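Below, each chain spelled out in residue letters.
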Amino acid sequence: MSRRTRDEDFDTKIDIIRTRLKDSDDKNVQDAVFDKRTLMDLYSLASKGVIDALGGSVCTGKEANIFRAIVGENELALKIYRISTSNFNAMQDYLQGDPRFSSVRGTKRAIVAAWTRKEFRNLSRAEEAGVSVPHPIAMKENILVMDLIVADGQVAPTLKDTNLEQEEARAIYERIIHYISLLYNRAQLVHADLSEFNILYNQGEPVIIDMGQSVTLDHPQARRFLERDIANVAHFFRKKYDLGSEQEIWNRLIKDKDEMEKRRID
Ligand SMILES: Nc1ncnc2c1ncn2[C@@H]1O[C@H](COP(=O)(O)OP(=O)(O)O)[C@@H](O)[C@H]1O
Ligand SMILES: [Mg+2]
């Protein structure tokens, strides 16, 4: 294929992606998310068979947009970090304190790509440790592909938008403490933005999302982030369901830590 035809072919494919997106968001958001490079990366994911088609918008967040996508029978979530509106100074601070990413330097695009890779790796690590998270599937530059958390066609609501019966609230609360402990003790990670906004409720189970900012325990701010995560979770459950305390969560973390250490020695 000559260069010209290849370019034309590419433009047509891009137009198809754009058309599929047409009702998903307003024009300004679309332009911020789908710059030419991002469209090319989406096209590359499509030609590799990672995605078959794009669906509508799930959420427009502060730094990223979430879209539905499909591959075969499966529903996926695409998290696309916007290059233009990302707070990349804050991203750099988090990256520099994390030994896995401390050497990352460069353009805004490079920083956002490192951030996306960090979220992918954090999700994988959390999943390996037994934490319920959306299964991460692929990433390319500023695009993260993961399982969509969905039941009967409805995207799972956040804990913030869910009203639980008291008994179920207790079970969900316990489960979340277990996950904080697994993250800390097994994955050696701190979520660093844990709250009712970043926990989905999926048919009786909490699912932890949004791990771009999660850091390893050797990050200089790890302790402060953990304190904040624990305070957020305790505060939410105390206020809405009259249960939970920070102390209870700390005790559990320490108990699990001791048990794991004991098992290692035995
Ligand atoms: N894998 C997923 N499945 C279903 N919904 C999701 C998924 N990932 C994100 N969402 C939805 O999109 C919102 C924003 O995603 P999040 O990763 O928290 O990004 P942000 O950094 O913008 O907060 C979430 O609150 C949730 O409603
Ligand atoms: Mg979030």
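Residues numbered from 1 in each chain as written. Chains lettered and ligands numbered in written order. Predicted model: local features only at pLDDT ≥ 70, side-chain atom pairs only at ≥ 80, totals over all residues.

(A) Inspection of the overall build of the protein chain at higher detail. Each helix and strand in the protein chain was counted, giving eight helices and 11 strands. The buried share of the protein chain, taken over its 266 residues, is 35%. Summarising the internal contacts of the protein chain: among those between residues at least 6 apart in sequence, 61% fall at separations of at least 24. (Helix = DSSP H or I, 4+ residues; strand = E, 2+ residues; numbered from the N terminus. Buried ≥ 20, exposed ≤ 12 C-beta atoms within 10 Å, placed from the backbone. Contact = placed C-beta atoms within 7 Å.)

(B) Representation of unusual backbone geometry in the model. Of note in the backbone geometry, glutamate 141 takes a positive phi value of approximately 50° without being a glycine. Residue placement: glutamate 141 occurs in the loop between β4 (136–140) and β5 (143–147). Here aspartate 242, not a glycine, exhibits a phi torsion of approximately 55°, which is positive. By the element assignment, aspartate 242 lies in the loop between α7 (222–241) and α8 (246–265). Given 9 C-beta atoms within a 10 Å radius, aspartate 242 is considered exposed.

(C) Structural detail: the packing of helix α6 (residues 166–186) against α7. Two elements in contact, α6 and α7, have axes whose closest approach is 11 Å; the angle formed by their N-to-C orientations is 175°. The angle between the axes of α6 and α7 places the two elements in the roughly antiparallel class. In this structure, α6 uses Gln166, Ala169, Tyr173, Ile176, Ile180 and Tyr184 to contact α7, whose residues at the interface are Leu226, Asp229, Ile230, Val233, Phe237 and Tyr241. Considered class by class, the residues forming the contact of α6 with α7 number 10 nonpolar, one polar and one charged. (Axes fitted to C-alpha atoms, helices over the stretch in contact; angles between N-to-C directions. Parallel < 35°, antiparallel > 145°, perpendicular 65-115°, else oblique. Nonpolar A, V, L, I, M, F, W, Y, C, P; charged D, E, K, R; others polar.)

(D) The site of ligand 1, seen in detail. For ligand 1, the set of nearby residues contains 21 residues, the closest of which are Cys59, Gly61, Ala77, Pro134 and Asp210. Elements that contribute at least two residues to the shell around ligand 1 include exactly β1 (53–60), β2 (64–71), β3 (74–81) and β5. Taken domain by domain, the shell around ligand 1 gets at least three of its residues from each of domain 1 (7–147) and domain 2 (154–265). (Near = placed C-beta within 6 Å. Domains from an automatic or database assignment.)

(E) The arrangement of the pairing of strand β10 (residues 205–208) in detail. Strand direction decides the pairing type here: strand β9 (residues 199–202) and β10, joined by four bridges, are antiparallel. When the sheet's bridge partners are listed, asparagine 202 is paired in β10 with glutamate 205. (Pairing = 2+ DSSP bridges.)

(F) Highlighting the packing of α6 against α8. Running from amino to carboxyl end, α6 crosses α8 at an angle of 45°, the nearest separation of the two axes being 9 Å. Between α6 and α8, the interaxial angle falls into the category oblique. Crossing handedness for the pair α6 and α8: right-handed. Between α6 and α8, the contacting residues are Ile177, Ile180, Ser181, Tyr184 and Asn185 on the first element and Ile249, Arg252, Leu253, Asp256, Lys257 and Met260 on the second. (Left-handed = near helix turned anticlockwise from the far one by under 90°.)

(G) Inspection of the pairing of β5 at higher detail. In terms of burial, β5 is a largely internal element, four of the five residues being buried. As defined by bridge partners, β4 adjoins β5 across four bridges and the pair is classed as antiparallel. Across the sheet, proline 136 pairs through a bridge with methionine 146, a residue of β5. Once β4 ends, the chain turns through two residues before running back antiparallel as β5, passing glutamate 141 with a positive phi of about 50°.

(H) The sheet that holds β4, seen in detail. Ordered in space as β1-β2-β3-β5-β4, the five strands form an open sheet in which the pairing is antiparallel. Two strands in the sheet have a free side with no partner beyond their single neighbour: β1 and β4. Here the strands of the sheet are splayed against their neighbours by 25° on average, with no regard to which way each runs. Where β1 meets β2, five bridges bridge the pair, whose relative direction is antiparallel. Each bridged residue has a counterpart across the sheet, and for leucine 54 the counterpart in β2 is alanine 69. Relative to β5, helix α3 (residues 36–47) is tilted by about 40°, and along the sheet it contacts β3, β4 and β5. The sheet contacts of helix α5 (residues 108–128) involve β3, β4 and β5, and relative to β4 the element is tilted by about 165°.

Remember, this is a structural readout, not a statement about activity or role.
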